[in-house]
Amino acid sequence: MRYLLNALYVVVLIALLPRLVWAGMRKGKYREGYAAKLWGQVPRRGGSAHCVWLHAVSVGEVNLLAPLIQQIRACHPDWDCVITTTTMTGFALARTRYADLVVCYCPLDFSWAVNHAMERLRPDLLVLAELELWPNLISAARRRGAKVAVVNGRLSERSFRGYRRFSLVYRRVLSQLNLVAAQNEQYAERFRALGARSAAVHVTGSIKFDGAQTDRGNPATARLRQLAGITSDDIVWLAGSTQPIEEELVLRTYLALREEFPRLRLILVPRHPEHFAITRRMLDAAGVAWQRRTELDRSGSFPAARVLLVNVVGELGAWWGTADVAFVGGSLTDRGGQNMIEPAAYGAAVSFGPNTWNFRDVVEAMLAADAAVVVRDGDQMAAFVRRALTDPRWAAAMGQRAQLLVRGQLGATQRTFDLLETLLPAEAPATAAAA
């Protein structure tokens, strides 16, 4: 099976090569980590301590795993933690956030690459975030005696249908999993239907709720608020994880409301760094006074511009704490939505578009609790912001309901950690060979 998969991967890679080269030239993507991705040339781990290899695809998964990594390190400081990512942005964030840990690119699912990486890292436990079911990687881990777990397991109806088309492969893959910590019973049942052992599947809730900060006075947010010169009189409308087409609607709404509401301030946090230049050109074309986030560190203030472009990666979670009114991007496009838990946890009045299948259960819970509003176009976006500004009690009540919802979902990290602990013995084997 592994040789068949290798051949399939080579064909796909060759077919995608022109697009990858073009993306590398135009957007700076796919320029790093070839030795690790193609050959498994990851750092060689020494010592005999237990090793937990945690794989986070990109920025979202790196942030998602933060509370779980914190729990592992707090309870087992003698364990080695290795973090792998797939994207450049995820790698950069992981290197910054976990500077004292081994961070590297994950090998592609070629058998030779994953085998070499397993030999060098020697993990006892491979932890995959949400839905990273790579057959050769999982098989290589099991052959070396490592346990394999999927945490914060999510399996949408669309993904379920896709995997079911290749049931011959994925039934075998899922049967090898030692643990599936699913976000809810519906996802758990889909994992079972695809071949995961019933005894290995548990419902733990979503770790995403545990990673959310609820205190607006936290040090990171307080520092950003001071840097940006945000006062108690200001009303901050923050649009985060946005795509360019969404930013156009956001800016149009801001321009329509700024004269009527002079204390309104707009903070734009695009989803992808390669979109920063597009957003800059849009702001310049609109003739609006604006400032870059990177300029705040130099100036230490936000004296003239009422619009701020956050042109750095990894700060959105803290910026949400400055928001009174929020729009969560990737939801008016085909991206499937981004994390709306963070602004909800801070008690902001939250809005997003109708395309939120990546967070279907979170959205259903928020809408059922009247803790968010769906905006389907620019007109509805403007109407939502206007109502939040003219009826602050309505906006505040919505934010309170959102915050209460998040607080009521806490505890998934502890439940997941308790299950992971059962997969490893309390002590590392004394005879384990150092590399």
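Residues numbered from 1 in each chain as written. Predicted model: local features only at pLDDT ≥ 70, side-chain atom pairs only at ≥ 80, totals over all residues. Heavy atoms only, no water.

**As for the overall build of the protein chain**
Of the regular secondary structure elements, the protein chain holds 20 helices and 14 strands. In summary, the protein chain has a C-alpha radius of gyration of 23 Å against a globular reference of 22 Å for 435 residues, a match within 12%. Structurally, the protein chain occupies a C-alpha span of about 70 × 45 × 40 Å along its principal axes. A burial count over the protein chain gives 53% of its 435 residues as buried. Excluding contacts between residues fewer than 6 apart, the proportion of contacts in the protein chain whose partners are at least 24 apart in sequence is 68%. Of the roughly 19,200 Å² that the protein chain leaves accessible, carbon and sulfur atoms contribute 54%. (Helix = DSSP H or I, 4+ residues; strand = E, 2+ residues; numbered from the N terminus. Rg over C-alpha atoms; globule rule 2.2 N^0.38 Å. Buried < 20%, exposed > 50% of the residue type's maximum accessible area, 1.4 Å probe, protein only. Contact = heavy atoms within 4.5 Å. Areas by Shrake-Rupley, 256 points an atom, 1.4 Å probe, with all protein chains shown as cover.)

**Focus on the confidence of the model for the protein chain**
In the predicted model, the protein chain carries a mean pLDDT of 91, and the fraction of residues at 70 or more is 93%. Segment residues 430-435 is flagged for pLDDT under 50; beyond a separation of four residues in sequence, or across chains, it makes ten contacts in the model. (pLDDT = per-residue confidence, 0-100.)

**With respect to the pairing of strand β8 (residues 235-242)**
Extensive coverage of β8 is indicated by the burial of seven of its eight residues. By the bridge criterion, seven bridges tie β8 to strand β9 (residues 264-270) in an arrangement that is parallel. The partner of L238 across the bridge, within β9, is I267. Handedness of the crossover joining β8 and β9 through helix α12 (residues 244-257) is recorded here as right-handed. Relative to strand β12 (residues 325-328), β8 runs parallel, the two being bridged by four bridges. Opposite A239, over in β12, you have F327 as the bridge partner. (Pairing = 2+ DSSP bridges. Right-handed = clockwise from strand over helix to strand, strands pointing away.)

**Concerning a nonpolar patch on the surface**
Judged by side-chain polarity, V10, I14, W39 and W112 come together as a nonpolar surface patch covering roughly 430 Å² of accessible area. Positionally, I14 belongs in helix α1 (residues 2-27). (Patch = residues over 30% accessible without salt bridge, like charges linked within 9 Å, V, L, I, M, F, W, Y side chains within 5 Å. Salt bridge = Lys/Arg side-chain N within 4 Å of Asp/Glu carboxyl O.)

**As for the packing of aromatic side chains**
All chains considered together, the criterion is met by five aromatic pairs. With a centroid separation of 6.5 Å and 35° between ring planes, the pair formed by W39 and W112 is classed as tilted. Here W39 is found in helix α2 (residues 34-39), whereas its partner W112 is found in helix α5 (residues 111-121), with 73 residues between them in sequence. Relative accessible area serves as the criterion here: at 52%, W39 is assigned to the exposed category. For W112, a relative accessible area of 38% corresponds to the partly exposed category. Between F110 and W112, the aromatic rings sit 4.8 Å apart at their centres with planes inclined by 10°, giving stacked as the arrangement. On the basis of relative accessible area, F110 is assigned to the buried category, the value being 4%. (Phe/Tyr/Trp six-rings, centres within 6.5 Å; stacked < 30°, edge-to-face > 60°.)

**With respect to the sheet that holds strand β13 (residues 349-352)**
With respect to topology, seven strands assemble into an open sheet ordered β10-β11-β9-β8-β12-β13-β14, the strand pairing being parallel. Single-partner strands in this sheet number two, and they are β10 (290-292) and β14 (373-374). Relative to strand β11 (residues 307-309), β10 is paired through three bridges, and the arrangement is parallel. Among the inter-strand pairings, W290 is bridged to a residue of β11, identified as V307.

**Structural notes on the sheet that holds strand β2 (residues 80-85)**
Spatially, seven strands are ordered β3-β2-β1-β4-β5-β6-β7 in an open sheet, and the strand pairing comes out parallel. The sheet is open, and its two borders are formed by β3 (102-105) and β7 (201-203), each paired with just one other strand. Strand-to-strand twist across the sheet, computed as the mean angle between neighbouring axes with direction ignored, equals 20°. In terms of strand pairing, strand β1 (residues 51-55) meets β2 through five bridges, oriented parallel. Considered in β2, the bridge of H55 is made with T84. Along the sheet, helix α6 (residues 135-143) makes contact with β1, β4 (125-129) and β5 (147-153), crossing β4 at roughly 160°. (Axes fitted to C-alpha atoms, helices over the stretch in contact; angles between N-to-C directions.)

**Brief notes about the side chain of D234**
Within the fold, D234 resides in the loop between α11 (219-228) and β8. Look at D234 and you get buried, because its relative accessible area is 6%. Only 3.1 Å separates the side chain of D234 from the side chain of R306, close enough to count as a polar contact. Other than its neighbours up to four places away in sequence, D234 contacts G229, R263, R265, R306 and D324. (Polar contact = N/O pair within 3.5 Å; in protein donor to acceptor, adjacent residues only side chain to side chain.)

**Considerations on the pattern of salt bridges**
Taken as a whole, this structure holds 15 salt bridges when the rule is applied. When the shortest N-O distance is used, the salt bridge between D234 and R265 registers 2.8 Å. Here D234, found in the loop between α11 and β8, pairs with R265, found in strand β9; they are 31 residues apart in sequence, far enough to count as distant. The residues D234 and R265 share a single accessibility class, namely buried. Of the charged contacts, one joins D234 and R306 as a salt bridge, the two residues approaching to 3.1 Å between their closest N and O atoms. Residue D234 is found in the loop between α11 and β8, and its partner R306 is found in the loop between α14 (293-299) and β11; the two are separated by 72 residues along the sequence. Since its relative accessible area comes to 22%, R306 is described here as partly exposed.

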